[in-house]
Amino acid sequence: MGNFKLMTLPYEPEALEPVISRETIGFHHGKHLSAYVNNLNALLPGSGFEEASLEEIVCKATGGILNNAGQILNHELYFGQFTGRPAKAAPTGKLGEAIARDFGSFEAFREAFQKAGTTLFGSGWVWLSADKDGKLVITQEPNAANPVQKGLRPLLTFDVWEHAYYLDFQNRRPDHLAALWQIIDWEVIESRLSK
Ligand code: MN
């Protein structure tokens, strides 16, 4: 068996209510993410990826190993970016400046990001990433794909698989995406840019 562990959430399961309910956290973290960790650990022996990091696996593996590792990497970035008590409503510092430079304004970025999430067909993820020159880009990735596969540095992500919102918003994906801005920890996102 492999050694990956289910991440510990940096907040209580009810801390993100009413945007994300305790019930959704229970299924999404406690069932879906937990299953991806168990699946990957069961697939690793004999794969050649026993000692690899999640990023290495996501860039080099295929099939079930790629899909489960991708979902773990994506969900660790996703769950790690929220807080029930945001210190800031919008990014500041280097991240705030880069968003204004590359999208015109924070409001324009938010609109473009939300549109990318709303129009992503089927299951997948919308991402804000930095390229090798530090330019910010929004991408839509299907299923378990991650921007590291394109040489990008992932900063912020919205999960648009139905399991992320169905208990709280049913088919209203746009309303769910619009609500997520209330719980983003911009200090976490800024730290990913300067890492
Ligand atoms: Mn998910």
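Residues numbered from 1 in each chain as written. Predicted model: local features only at pLDDT ≥ 70, side-chain atom pairs only at ≥ 80, totals over all residues. Heavy atoms only, no water.

Chemist: Can you lay out the overall build of the protein chain for me, pointing to particular residues and giving the numbers?
Modeler: A tally of helices and strands in the protein chain yields eight helices and three strands. Helices (α) and strands (β) of the protein chain occur, in sequence order from the N terminus, as α-α-α-α-α-β-β-β-α-α-α. Against the 2.2 N^0.38 benchmark of 16 Å for 195 residues, the protein chain shows a C-alpha radius of gyration of 16 Å, consistent with a compact globule. When the backbone C-alpha atoms are referred to their principal axes, the protein chain occupies close to 50 × 40 × 30 Å. Burial status across the protein chain gives 48% buried among its 195 residues. (Helix = DSSP H or I, 4+ residues; strand = E, 2+ residues; numbered from the N terminus. Rg over C-alpha atoms; globule rule 2.2 N^0.38 Å. Buried < 20%, exposed > 50% of the residue type's maximum accessible area, 1.4 Å probe, protein only.)

Chemist: How would you explain the coordination of the manganese ion if you had to name every residue and give the values?
Modeler: Ligation of the manganese ion by protein atoms is provided by His28 (NE2), His75 (NE2), Asp159 (OD) and His163 (NE2), these donors lying 2.0 to 2.2 Å from the ion. All donors of the manganese ion belong to a single chain; written as a sequence motif, their spacing is H-x46-H-x83-D-x3-H. Placement of histidine 28 in helix α1 (residues 22-43) and of histidine 163 in the loop between β3 (153-159) and α6 (166-169) is noted, with a sequence separation of 135 residues between them. No difference in accessibility class separates histidine 28 from histidine 163, as the two residues are buried. (Donors = N, O, S within 2.8 Å, 3.2 Å for Na, K, Ca; no water.)

Chemist: Give me the lowdown on the pairing of β3, citing residues and values where you can.
Modeler: Note on strand geometry: in a regular strand, side chains alternate between the two faces of the sheet. Extensive coverage of β3 is indicated by the burial of six of its seven residues. Inspection of the sheet shows strand β1 (residues 124-130) paired to β3 by six bridges, in the antiparallel sense. From the neighbouring strand, leucine 128 faces β3, where its bridge partner is leucine 156. (Pairing = 2+ DSSP bridges.)

Chemist: Please set out the packing of α1 against helix α3 (residues 63-79) residue by residue, giving values where relevant.
Modeler: It is the contact of α1 with α3, at a shortest axis distance of 9 Å, that shows an interaxial angle of 140°. Handedness of the α1/α3 crossing: left-handed. Counted together, Ile25, His28, His29, Leu33, Tyr36, Val37, Asn39, Leu40 and Leu43 of α1 and Gly64, Ile65, Asn68, Ala69, Gln71, Ile72, His75, Tyr78 and Phe79 of α3 form the full contact between these two elements. In terms of residue class, the contact of α1 with α3 is made up of 11 nonpolar, seven polar and no charged. (Axes fitted to C-alpha atoms, helices over the stretch in contact; angles between N-to-C directions. Left-handed = near helix turned anticlockwise from the far one by under 90°. Contact = heavy atoms within 4.5 Å. Nonpolar A, V, L, I, M, F, W, Y, C, P; charged D, E, K, R; others polar.)

Chemist: Any chance you could break down the sheet that holds β1 for me, citing the residues and the numbers?
Modeler: Read from one edge of the open sheet, three strands run β2-β1-β3, paired in antiparallel fashion. Either end of the sheet is taken by a strand with one partner, and the two such strands are β2 (136-142) and β3. Neighbouring strand axes in the sheet, compared pairwise and without regard to direction, differ in orientation by 25° on average. Those strands touched by helix α4 (residues 93-103) are β1, β2 and β3, and its axis lies near 80° from that of β2.

Chemist: Can you lay out the packing of aromatic side chains for me, pointing to particular residues and giving the numbers?
Modeler: Tallied over the full model, the rule gives 14 aromatic pairs. Summarising the aromatic geometry, the rings of phenylalanine 103 and phenylalanine 109 are spaced 5.2 Å apart at their centres and angled 50° between planes, so their arrangement reads as tilted. Looking at phenylalanine 103, the relative accessible area reads 21%, which means it is partly exposed. Geometrically, the ring pair formed by phenylalanine 113 and phenylalanine 158 is edge-to-face, given 4.9 Å between the ring centres and 90° between the ring planes. Placement of phenylalanine 113 in helix α5 (residues 106-119) and of phenylalanine 158 in strand β3 is noted, with a sequence separation of 45 residues between them. Residue class for phenylalanine 158 comes out buried when judged on its relative accessible area of 0%. Through a chain of ring-to-ring contacts, the aromatic side chains of Phe103, Phe106, Phe109, Phe113, Phe158, Trp181 and Trp186 assemble into a single cluster. (Phe/Tyr/Trp six-rings, centres within 6.5 Å; stacked < 30°, edge-to-face > 60°.)

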